[in-house]
Amino acid sequence: MESPVSVTYIESTNMSQRKQTVIDILRDSRDFVSGEAMSDVLGISRNAVHKHIKSLRKRGYSITGVSRRGYRLEDEPCRLSMAHVTARTEKTVFGHSFRYHDEIESTNIEAKALATRGAPEGTVVVAESQTAGRGRLGRRWTSPAGKGLLFSVVLRPPLPMSEAHLLTIVAAVAAAEAIEKHVPAQVAIKWPNDLFIGDRKVGGILMEVSGEQDEVDWVVLGMGLNVNTEYSELPVALRRTATSLKMVGGEAVDRSEVLAALLLSLESHYKTASRGGFERALTAFRERDYLLSRTISVETRQGPVVGAAAGIDDRGALLVQLPERRVRSFHSGDVTLHS
Ligand code: BTN
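From a predicted model like this one, the values you see are computed outputs, not experimental measurements. (Residues numbered from 1 in each chain as written. Predicted model: local features only at pLDDT ≥ 70, side-chain atom pairs only at ≥ 80, totals over all residues. Heavy atoms only, no water.)

## Remarks on the packing of helix H7 (residues 166-180) against helix H10 (residues 279-287)
Angle between the axes and distance between the axes are the two parameters that describe a pair of packed helices. As a reminder, the rule being used: Axis lines are fitted through C-alpha atoms, for helices just across the contact stretch, and the angle between N-to-C directions can take any value from 0 to 180 degrees. Strands here mean DSSP runs of E at least two residues long; helices mean DSSP runs of H or I at least four residues long; both are numbered from the N terminus. For classification, angles of less than 35 degrees are called roughly parallel, those exceeding 145 degrees roughly antiparallel, those between 65 and 115 degrees roughly perpendicular, and all remaining angles oblique. Should the near helix be turned counterclockwise from the far one by less than a right angle, the crossing is left-handed, whereas a clockwise turn marks it as right-handed. Residues count as neighbours in contact if any of their non-hydrogen atoms are within 4.5 Å of one another. Three categories are distinguished: nonpolar for Ala, Val, Leu, Ile, Met, Phe, Trp, Tyr, Cys and Pro, charged for Asp, Glu, Lys and Arg, and polar for the others, with Gly belonging to the last.
Remark: H7 packs on H10, axes separated minimally by 9 Å, with the N-to-C direction vectors making an angle of 60°. Classified by the angle their axes make, H7 and H10 are oblique. As H7 packs across H10, the resulting crossing turns out to be left-handed. From H7, Leu-166, Ile-169, Val-170, Val-173 and Glu-177 reach across to H10, where they touch Arg-280, Ala-281, Leu-282, Ala-284 and Phe-285. Looking at the contact of H7 with H10, its residues break down into 8 nonpolar, no polar and 2 charged.

## With respect to the site of the ligand
We count it as follows: Whether a residue is near a molecule or strand depends on its heavy atoms: if one lies within 4 Å, it is near. Pairs of N or O atoms are called polar contacts if they sit within 3.5 Å, as long as, within protein, a hydrogen donor faces a hydrogen acceptor (for residues adjacent in sequence, only side-chain-to-side-chain pairs). The method behind every accessible area is Shrake-Rupley, applied with a 1.4 Å probe, and residues are considered shielded solely by the protein chains displayed.
Within the structure, the ligand sits among 21 residues, and Ser-106, Gln-130, Arg-134, Arg-136 and Lys-201 are positioned closest to it. With respect to the ligand, the side chain of Gln-130 contributes an N or O atom lying 2.9 Å from a nitrogen atom. Taking Arg-136, its main chain carries an N or O atom lying 2.6 Å from an oxygen atom of the ligand. Against a free-state accessible area of 410 Å², the protein chains account for coverage of 98% of the ligand.

## Remarks on the side chain of Thr-107
Quick note on the threshold: Burial status follows relative accessibility: with a 1.4 Å probe on protein chains alone, a residue under 20% of its type maximum counts as buried, one over 50% as exposed, and anything between as partly exposed.
Here Thr-107 is to be found in helix H5 (residues 107-116). Accessibility expressed as a relative area gives 3% for Thr-107, which makes it buried.

## Some thoughts on the side chain of Ser-106
The topology assignment puts Ser-106 in the loop between strand E4 (97-101) and H5. Under the relative-accessibility criterion, Ser-106 is labelled buried at 2%. Within the structure, Ser-106 has its side chain in polar contact with the backbone nitrogen of Asn-108 (distance 3.1 Å).

## Focus: the pairing of strand E11 (residues 295-300)
How we decide: Here, strands pair whenever DSSP counts at least two bridges between them.
Relative to strand E12 (residues 303-312), E11 runs antiparallel, the two sharing 6 bridges. The residue bridging Glu-299 from the neighbouring strand is Pro-304, located in E12. In textbook terms, the turn of a hairpin is the stretch between consecutive antiparallel strands, and for E11 and E12 this stretch comprises 2 residues. Of the pairings in the sheet, the one linking E11 to strand E15 (residues 334-337) comprises 4 bridges and is antiparallel in character. In the strand pairing of E15, Ile-296 is matched with Leu-337.

## Re the sheet that holds E12
The 5 strands lie next to each other as E14-E13-E12-E11-E15, forming an open sheet whose pairing is antiparallel. This sheet does not close on itself; its edge strands, each paired only once, are strand E14 (327-330) and E15. Averaged over all adjacent pairs, the angle separating strand axes in this sheet is 45°, with direction ignored.

## As for the packing of aromatic side chains
Aromatic ring pairs are reported here in terms of the distance separating the ring centres and the angle at which the planes meet. As a reminder of what qualifies: For Phe, Tyr and Trp, rings pair up if their centres lie within 6.5 Å, where Trp contributes its six-membered ring, and each pair is then called stacked (planes under 30 degrees apart), edge-to-face (over 60) or tilted (otherwise).
Tallied over the full model, the rule gives 2 aromatic pairs. Aromatic side chains Phe-196 and Tyr-290 sit 4.4 Å apart centroid to centroid with 35° between the ring planes, which places their arrangement in the tilted category. With Phe-196 in strand E8 (residues 194-197) and Tyr-290 in the loop between H10 and E11, the pair connects residues that are 94 residues apart, well separated along the chain. For Phe-196, a relative accessible area of 9% translates into the label buried. Residue Tyr-290 is classed as buried on the basis of its relative accessible area of 7%.

Following this line, the structure appears as structure tokens:
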């Protein structure tokens, strides 16, 4: 008998009963409701009502506020359809256990906690929004609620720790192929984990790993992808360097379908790598190498190293051509295009 798919819907602890009620009041009214009326019904101050409204807006609820009239609910965030995702991923490694959060600190943090407590390979943690989304090298990952894809998967690959980082390459290649099914554009990969369309970043991958030297215990692969994010919703500092599938293709994209496609593609590449090694992923990466032949600067503890990007080696390390025919390899580091 097949085991059933488990989808656990987890409401954020912030999404208190009170906020639910604020939403219920606005939904029922379909018109303006004064802050005073809500504060009377809920038995809280008008300031507290305002705070709830502010936090609901942050979660993607569109609420108009007009002085002396109050608040009106205009639109609710469009949620992922887990029914769609589970139907598409049935019978795959990622098809058995989903934890869907309305809001979470970080799907990677949650997936790591689950992995430490023994969650099986293929567990998927997905969220509509994150309060402390994490990027590589201690950076933040921000995404407006309900507009992007934010998820992490737990893997338990039979690999030595020294090879685990190659799964970032596997994930990046899998993501690039899945994204191309939804936008008329090519996706390039900036070593080791950035997904680019043209000269703008559309997504990124954060891999975290735990284990002993000879054997990985778990890997958490977290992916953030800008799907329906509008230009005006990007943080100001990223408006010249980031993009979204909607910005590229000109129309909204079904996030549930993109999530399913990403998981299916990841399963295909992960299976190939587990059975036969990383050749397929490395070859696919090389065909999408954003940095190849460009002059780059790699940040190291001793300062920046400038040279021409010369691809990656079979261990996934970045190769940089230096003067006098010297080639140096980097296993980690921050890379920028040298202007
Ligand atoms: C990067 O580009 O530096 C990597 C970004 C990875 C972001 C994703 S969003 C889902 C998952 N949870 C996190 O906290 N981070 C990853």
